[in-house]
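# Inside the fold
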Amino acid sequence: MTCFCRVGDATLTAVLPLELDLILLGYSNGYIRQASCSSLASRCQKPVSEAPPSSAFPATTASIQSLYFIRSERTGDAFIVCGSDDGGVAIWSLRDLKLLMRFVHFVEPLSHVTRIQPQHEDAKPFGGYVLCFSSDGTIAVITLDEFQFLCLIPGSASPLTHVYYAGGADHEQIMTIYGDGSARLWDFKVREFRRAMDCEKAKESLAKSSWHELCAILNNQTPQPSLSLSTSADESGGPVLACITSLALQQFVIFTATDTTAFDCVPSYVPKRSLRASSLPQLRALLSLLLTPTLSPEIDEICAGKLGVLASFADILFSSRLTAACCRSDSTNAWSVSGDASALRAAVIIAALRALSLYEALHDDCETVITFYATSLPTVVGKRYIPPDLLWLARKWFETMNDVRQATKVLVDAGVARLSGEESVSLVKAWERHLPSAEGSVGDSEASSLAVFLCGYVSVEKHLFLSNDTLTNISKSVTSYLHEEDSTRRLLAVELCSRGFHVWQRHVDAMVILRALFTLAVNSRKDNISVQNVGQQARQAILHIASTNTPLFMTTLTLDILSPKSLEYRKIVMQLVALLTRKKPLLLYSNLPRLMEAVVKSLDPNSTSSRDAVHDTATEIIGYVVKTFPTVDFHMATQRLAVGTCEGAFIMYDLKTATQLYILEGHKKQPTACSFSPDGRRLVTVSLEEGTVLVWKVGSSFTSFFHPGAPPRQGSAGSQPYKTLGFNVGEEANMSIADTLEWVKFEWPSERSVRLHIRESTLTFST
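Residues numbered from 1 in each chain as written. Predicted model: local features only at pLDDT ≥ 70, side-chain atom pairs only at ≥ 80, totals over all residues. Heavy atoms only, no water.

### Considerations on the nonpolar core
Grouped together as the largest cluster of nonpolar side chains are 145 residues, with contacts concentrated most on Trp335, Trp504 and Phe518. In this view, tryptophan 335 contacts Thr292, Leu295, Ser342, Arg345, Ala346, Ile349, Tyr373, Leu377, Val381, Arg384, Tyr385 and Ile386; residues no more than four positions away in its chain are not counted. Formed by 18 residues, the second largest nonpolar core is a distinct cluster that contains Leu688, Ala733, Met735 and Phe746. (Core = buried A, V, L, I, M, F, W, Y, C linked by side-chain atoms within 4.5 Å. Buried < 20%, exposed > 50% of the residue type's maximum accessible area, 1.4 Å probe, protein only. Contact = heavy atoms within 4.5 Å.)

See the structure below:
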């Protein structure tokens, strides 16, 4: 069996993962091979003879140095571009790996590839152009449809720093700007050099037309899934190159979580970008290439015995800039290179484990391994351990989505927890000047976003070490991000408010934060279809804050129902009451009287527009409340609503007039349930603590007209209950409030006979 890193005399020189089951490998003899993550994890492929194997395809006669993926927007076909060490470039179809073209026009090897799609109105259906950049700044322009070589734009003695593109009906122009301030204008449609100019003239020209900047690709600001292997690594042998492949897979996971359109579905290639879409064997193979065994026998046993993940390689390869350096044999070396390297590996490991944990049988063991890699490495690695860099993690939180974003949060939490008080103050001090609330700060800058992230997360855990002025600045910045147009910044603010509401409420108006979350929770429901999902996160934040700050939360909620800033906002708040009824009913239990009073008053018939605006939502709330809470009941025909209070009273409302009719006071302890008779003329109430059922007359009478606000006469009992009925069901009456919601119910077999169900016991009373 032959290791994939070396096939005969040929050595692996480039890796391009397109998905976990489709990885392209480039070799020093100019061939490429297809592989999967599983085959890489096993280290071996089928025996390789002297003749080219069926899985290998000739690309060039020189050593392959780089591999790139491009796609035709018009046809959807996918292609692979490779660069060789002799300056050659080859392009072939991904569908059948058929070689389409090859040229050698560069002196230096290929360094980057990008595609340009003409955007002008007169453009005919056309796949666009491919720009191939060499490391010396030379640019080759190729048509993507016919793979015709158009022109070569030469480099300069000064490095290429910026590239701009502008297209029109009669021109396709590129402007190149160099490190010495010079600029050149080219029209590759007619294959002509237009003119040279200085940087200032170039800026004037760029301001006059619709130019698209391509500079990010030159400065390596855009991550790439491919990895080129240094030829110096050839002497290190297969295991080292195999570990470089592991590094390529790490970059691939980060890349596909960063650019969700990088591998759009096309007829010839339908990738699975999300780790969650990966199969169990794929995830196991990926983890076998990423985990660092021998650090903990217990974790190794869980990985091998329970998760089915076996270690693949003994040598671990890393570098301070994620390029080529080798650390031998000891797994601790993998975590002793740089903060960026530790962050990259840990983030991808945790992202893959989170995807694996979706298999229910593996969930608990995955969580154990995640906890180990997030929190235990400083102990097992020792003094040489370099923790994940918080700035790197913050950047990836903004750049990536889904699995990797959640993994970075886990690592940020662990990293912040490890900070000492002095380190926390130092970190916040370094970034505080970039906060949106800081004087002179550019609020929409990348530095501003990173400052809110880093200062916000540190403040949540280490606020005792920070000054009031600093916490006030951070609190104002977090609150301001709740109103940002950018959904990623809003999402950050929502998460920080959920985690640190107890901190921010001391330095800014807490009701302002709650009201912003209320609005996001309802108005951002359309975000459910997006990867940001701000609305869902805001609803989760509200539920969390309601659980931990119930008095303030309920006060804000009821005030905003009774005195909203607008009818639309009242509707928003009432929708949240419905949400809480479904998700956190016990939070509302002791506050039901206040909430139901607010809901009833919102239906005031004297304010027709207000009533019409909230009628459906109020009806929905009442329905949820009656269904959920046995202490509340509604009679449709009479439009009466009965609401029990913790003090033992029941409040009767008339929804037709949106007014309180009267209060029935009979129970001395907390009531458990109530129910109207079918004709609406009786209300029965029960208190398990008292062991008493009370029967009340609640039908309309002449007394009601002469004494508004007074309950109907209860016969000879006056204002006392019409009937008082005792019972004893023993231990079955001992239950929590949560149990009463499920196990206490009334049933009416007739208009004057009622059954009370308490767990397994059934009591029948005449009313």
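So much for the structure itself; the text now carries on.
### Focus on the confidence of the model for the protein
The share of residues in the protein with pLDDT of 70 or more is 81%, and the mean pLDDT across the chain is 82. Residue range residues 231-241 is modelled with pLDDT below 50. Its contacts to residues more than four positions away, or to other chains, number 19 contacts. Throughout residues 264-272 the model reports pLDDT below 50, and contacts reaching past four residues in sequence, or to other chains, amount to 29 contacts. (pLDDT = per-residue confidence, 0-100.)

### Remarks on the packing of aromatic side chains
For any two aromatic rings, the description comes down to two numbers: the centre-to-centre distance and the angle of the planes. Per the counting criterion, the structure on display carries 14 aromatic pairs. On the numbers, 4.8 Å between centres and 75 degrees between planes, the contact of phenylalanine 79 with phenylalanine 147 is edge-to-face. Placement of phenylalanine 79 in strand β9 (residues 78-84) and of phenylalanine 147 in the loop between β14 (139-143) and β15 (149-153) is noted, with a sequence separation of 68 residues between them. An aromatic cluster is defined as three or more aromatic residues linked by ring pairs; in this entry it consists of Trp397, Phe398, Phe453 and Tyr457. In this arrangement the basic side chain of arginine 405 is found over the ring face of tryptophan 397, its NZ or CZ atom lying 4.3 Å from the centre. (Phe/Tyr/Trp six-rings, centres within 6.5 Å; stacked < 30°, edge-to-face > 60°. Helix = DSSP H or I, 4+ residues; strand = E, 2+ residues; numbered from the N terminus. Lys NZ or Arg CZ within 6 Å of the ring centre and 35° of its normal.)

### So, the pattern of salt bridges
If you walk through the whole model with that rule in mind, you get 14 salt bridges. Between arginine 194 and aspartate 187 there is a salt bridge whose closest N-O contact spans 3.2 Å. The partly exposed category is assigned to arginine 194, whose relative accessible area is 39%. Given a relative accessible area of 0%, aspartate 187 falls into the buried group. A salt bridge links lysine 601 to glutamate 597; the shortest N-O distance between them is 3.1 Å. With lysine 601 and glutamate 597 both in helix α19 (residues 592-601) and four residues apart, the pair spans about one turn of that helix. Judged by its relative accessible area of 44%, lysine 601 is partly exposed. Judged by relative accessible area, which is 28%, glutamate 597 ranks as partly exposed. Here the residues in one salt-bridge network are Asp187, Glu192 and Arg194, joined through shared partners. (Salt bridge = Lys/Arg side-chain N within 4 Å of Asp/Glu carboxyl O.)

### As for the sheet that holds strand β32 (residues 744-750)
Strands pair in a sheet through their backbones, by hydrogen bonds, and they do so in one of two ways: parallel or antiparallel. Pairing is antiparallel in the open sheet, where three strands are placed in the order β32-β33-β34. Strands at the two margins of the open sheet, each flanked by one partner only, are β32 and β34 (761-766). Strand-to-strand, the axes of this sheet are offset by a mean angle of 25 degrees, without reference to chain direction. For β32 and strand β33 (residues 753-758), the ladder comprises five bridges, and the chain directions are antiparallel. By the bridge assignment, serine 750 is partnered in β33 with serine 753. (Pairing = 2+ DSSP bridges. Axes fitted to C-alpha atoms, helices over the stretch in contact; angles between N-to-C directions.)

### What to know about unusual backbone geometry
You will see that threonine 294, though not glycine, has its phi angle at about 80 degrees, which is positive. One can find threonine 294 in the loop between α4 (280-290) and α5 (297-306). The class of threonine 294 is exposed, set by a relative accessible area of 60%. Even without being glycine, glutamine 639 reaches a positive phi, approximately 55 degrees. Turning to its location among the elements, glutamine 639 is positioned in the loop between β24 (632-635) and β25 (640-644).

### Some details on empty space enclosed by the protein
Under the defined criterion, the tally for this structure stands at one cavity of 30 Å³ or more. Space inside the largest cavity adds up to approximately 60 Å³. In this structure, the largest cavity is lined by Tyr589, Leu592, Pro593, Thr631, Gly644, Thr645, Cys646, Gln670 and Pro671. Of the residues in the lining of the largest cavity, the class split is five nonpolar, four polar and no charged. (1 Å grid on protein atoms, 1.4 Å probe; cavity = no way out; pocket = protein on both sides within 12 Å on 5 of 7 lines; lining within 4 Å. Points joined across faces, edges and corners; volume = space filled by probe spheres on them. Nonpolar A, V, L, I, M, F, W, Y, C, P; charged D, E, K, R; others polar.)

### Comments concerning the side chain of glutamate 432
The residue glutamate 432 is located in helix α10 (residues 421-432) in this model. Of the side chains with opposite charge, lysine 429 comes closest to the buried, unpaired glutamate 432, at an N-O distance of 8.4 Å. At 3.2 Å, the side chain of glutamate 432 forms a polar contact with the side chain of asparagine 473. (Lys, Arg positive; Asp, Glu negative; His and termini not counted. Polar contact = N/O pair within 3.5 Å; in protein donor to acceptor, adjacent residues only side chain to side chain.)

### As for helix α9 (residues 402-418)
Spanning 17 residues, α9 covers 25 Å between terminal C-alpha atoms, matching the ideal 24 Å at 1.5 Å per step. When α9 is considered as a whole, its buried residues turn out to be Asp403, Val404, Arg405, Ala407, Thr408, Lys409, Leu411, Val412, Ala414, Gly415 and Val416. (Expected span 1.5 Å × (residues − 1).)

### As for the side chain of serine 459
Along the chain, serine 459 turns up in helix α11 (residues 446-462). Residue contacts for serine 459: discarding those within four places in its chain leaves Leu466, Leu471, Ile474, Val503 and Trp504.

### Comments concerning the packing of helix α6 (residues 339-356) against helix α7 (residues 363-381)
Between α6 and α7, the least distance of the axes is 9 Å, while the angle of their chain directions is 170 degrees. Judged by the angle between their axes, α6 and α7 are roughly antiparallel. Here α6 runs over α7; the crossing is left-handed. For the pair formed by α6 and α7, the contact residues are Ile349, Ile350, Leu353, Arg354 and Leu356 on the first element and Cys366, Val369, Ile370, Tyr373 and Ala374 on the second. Its residues assigned to classes, the contact of α6 with α7 shows nine nonpolar, no polar and one charged. (Parallel < 35°, antiparallel > 145°, perpendicular 65-115°, else oblique. Left-handed = near helix turned anticlockwise from the far one by under 90°.)

### Looking at the environment of serine 750
When you line up the elements, serine 750 lands in strand β32. Serine 750 sits in the partly exposed class, given a relative accessible area of 34%. Sequence-wise, serine 750 and aspartate 679 are 71 residues apart; in three dimensions their C-alpha atoms are separated by 9.7 Å.

### Details of helix α14 (residues 510-523)
Helix length check: α14, at 14 residues, gives a terminal C-alpha distance of 20 Å against a target of 20 Å (1.5 Å per residue), a fit within 8%. The element α14 is largely enclosed, with a buried count of 10 among its 14 residues. Looking at the packing, one finds that the buried side of α14 touches α12 (468-481), α13 (487-504), α15 (534-548), α16 (550-562) and α17 (567-583). Between the side-chain oxygen at the start of α14 and the backbone nitrogen of methionine 511 there is a gap of 2.9 Å, and the oxygen is on aspartate 509.

### What about the sheet that holds strand β30 (residues 692-697)?
Read from one edge of the open sheet, four strands run β28-β29-β30-β31, paired in antiparallel fashion. The sheet is open, and its two borders are formed by β28 (673-676) and β31 (723-726), each paired with just one other strand. Here the average twist between neighbouring strands, direction ignored, is 15 degrees. By the bridge criterion, four bridges tie β28 to strand β29 (residues 682-687) in an arrangement that is antiparallel. Bridged to phenylalanine 676 within β29 is leucine 683.

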